[in-house]
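# Summary of the model geometry
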Amino acid sequence: MSSCNRRHFTRREFLAAALAPPASRPPNFVVLFADDMGYGDLACYGHPTLRTPHLDRLAAEGMRFTSFYAAASVCSPSRAGLLTGRHPIRAGQPGNTGPDTVGGLPLSELLLPQLLKARGYQTMAIGKWHLGFQPAAHLPTKRGFDRWFGLPYSNDMIPPWVKTDRPLHLYRNEDVAEPVTDQANLTPRYTDEAVRFIRNCETKPFFLYLPYAMPHLPVSAPPGMRGRSRAGHYGDVIETLDWSVGEITRTLQELKLDRNTLVIFASDNGPWHDLPPRMLAGGVEAWHTGSKGLLRGAKGTTYEGGFRVPGIFHWPGVIRPGQVSMDMASTLDILPTLLAAAGVALPGDRPYDGHNLLPHLRDGKPSPRQEFFYAQGRTLEGIRQGPWKYRQAKGAAPELYHLDRDPAEQYNLAAAEPAVVNRLAARLQHFTQEIHAERLP
């Protein structure tokens, strides 16, 4: 069932709940969001040579999902889904923004930091925004974040990979801070900013959103991390991200904030395999795009390799350690989960596509997410219900996969299971109409 059928709070109820004094200090939230990291790019997800001890520890002490889905298989829509809790098509951001884009995520959308500020949260975004930067009304500091340090869009949106005359700059809040001439130290700089923010918020509830620039191409690691990974240059980049996670979680422990902080790690989509020719320049190699193998497809597709990503939730004393969940969950579920943990009600003036995962994370109840939709731009191409995934791409025959038995989507069972195909196709068509998506011809 769509979460749109659930009861929502009226605006009056939302304001009353949000402004009521909390019984105790709300929990802190840290959302760490890799860029183009594949499902199998961490040791705890089976990579044979990558070393990711800090993320492995978070997984061992919390919950690791094996069917965790990004809201989209490309950058901007994925971020829109996470920060709004709404399907990217419904939220009005089905495609990417770029250096010359005017506008971005519609200003009518309510973002997670805006809703958390009703509970007195301090908020900061560090890293890649990619939801619009001109005019300034689209910047993070106009969308609920008190502070921002990072890039307005992807790190490849400069020559020789993209034709543009606009140089890539780091922003601080609403001002251009400096040109980016060397991307090698982006992850360490973001990490320093994150640690500083946490230390400054030691006595206040905070929401830290850290969408890393890496491992989006062109990948780059700081000098001290180069040549250390057996997985090569890409491995150096992933192990630098793991170091960053370790620095942030160590700070939480040092300040004795870890037991009141929910840390989430995920990726915005799968790895960028089958690169366009424009990307094979400037030192970029085809093998700089992460692991291949278990999942079919990649970034920009509606196969599992585009949407299924690592999903790790860590909250000592709340989430029991050592849990591996095979239930479905999504970055769409982050907004309602964090609002529930903070005691903030969902606004009642719009439908949401996310679910509150707290009963699953805390109490071991089944995940409330029973279905997931896969979009390519403004077109819905697939749906998953339980183990069954139906996919219908333009100009292709219908596909049906049993993902519990066949996560690699190798065996099309459409001809053998016509009743399942008809049921899922009807549900996909219904949701297409509900969110005003484009129909396949």
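A quick note: this is a predicted structure, and the numbers were derived from the prediction, not measured. (Residues numbered from 1 in each chain as written. Predicted model: local features only at pLDDT ≥ 70, side-chain atom pairs only at ≥ 80, totals over all residues. Heavy atoms only, no water.)

In this section: the overall build of the protein chain. What the protein chain contains, in helices and strands, is 11 helices and 14 strands. Relative to its full complement of 441 residues, the protein chain shows a buried share of 60%. Considering only contacts in the protein chain between residues 6 or more positions apart, those separated by 24 or more positions represent 71%. When the accessible surface of the protein chain is summed, it comes to about 16700 Å², and 53% of that surface belongs to carbon and sulfur atoms. Computed over 49 positive and 42 negative side-chain charges, the separation of the two mean positions in the protein chain equals 4 Å. (Helix = DSSP H or I, 4+ residues; strand = E, 2+ residues; numbered from the N terminus. Buried < 20%, exposed > 50% of the residue type's maximum accessible area, 1.4 Å probe, protein only. Contact = heavy atoms within 4.5 Å. Areas by Shrake-Rupley, 256 points an atom, 1.4 Å probe, with all protein chains shown as cover. Lys, Arg positive; Asp, Glu negative; His and termini not counted. Charge placed at Lys NZ, Arg CZ, Asp CG, Glu CD.)

Further remarks concern the pairing of strand β5 (residues 169-172). One ladder, built from 2 bridges, connects strand β4 (residues 147-150) with β5; its direction is antiparallel. The partner of Gly150 across the bridge, within β5, is Tyr171. Two strands pair when backbone bridges link them, and β5 and strand β6 (residues 175-179) are joined in this way by 4 bridges, in the antiparallel orientation. The partner of Tyr171 across the bridge, within β6, is Val176. Joining the antiparallel neighbours β5 and β6 is a turn of 2 residues, in which Asn173 adopts a positive phi near 60 degrees. (Pairing = 2+ DSSP bridges.)

Leaving glycine aside, a negative phi is the common case for residues, and trans is the common case for peptide bonds. Of the consecutive residues Gln134 and Pro135, the connecting peptide bond is found in the cis state with omega at 0 degrees. Among the structural elements, Pro135 can be located in the loop between β3 (122-126) and β4. Pro218 follows Leu217 through a cis peptide bond whose omega is 0 degrees. By the secondary structure assignment, Pro218 is in the loop between β7 (206-211) and α7 (232-254). A positive phi angle, near 70 degrees, is found at Asp36, a position not held by glycine. Mapped onto the secondary structure, Asp36 falls in the loop between β1 (28-34) and α2 (53-61). Asp36 sits in the buried class, given a relative accessible area of 3%.

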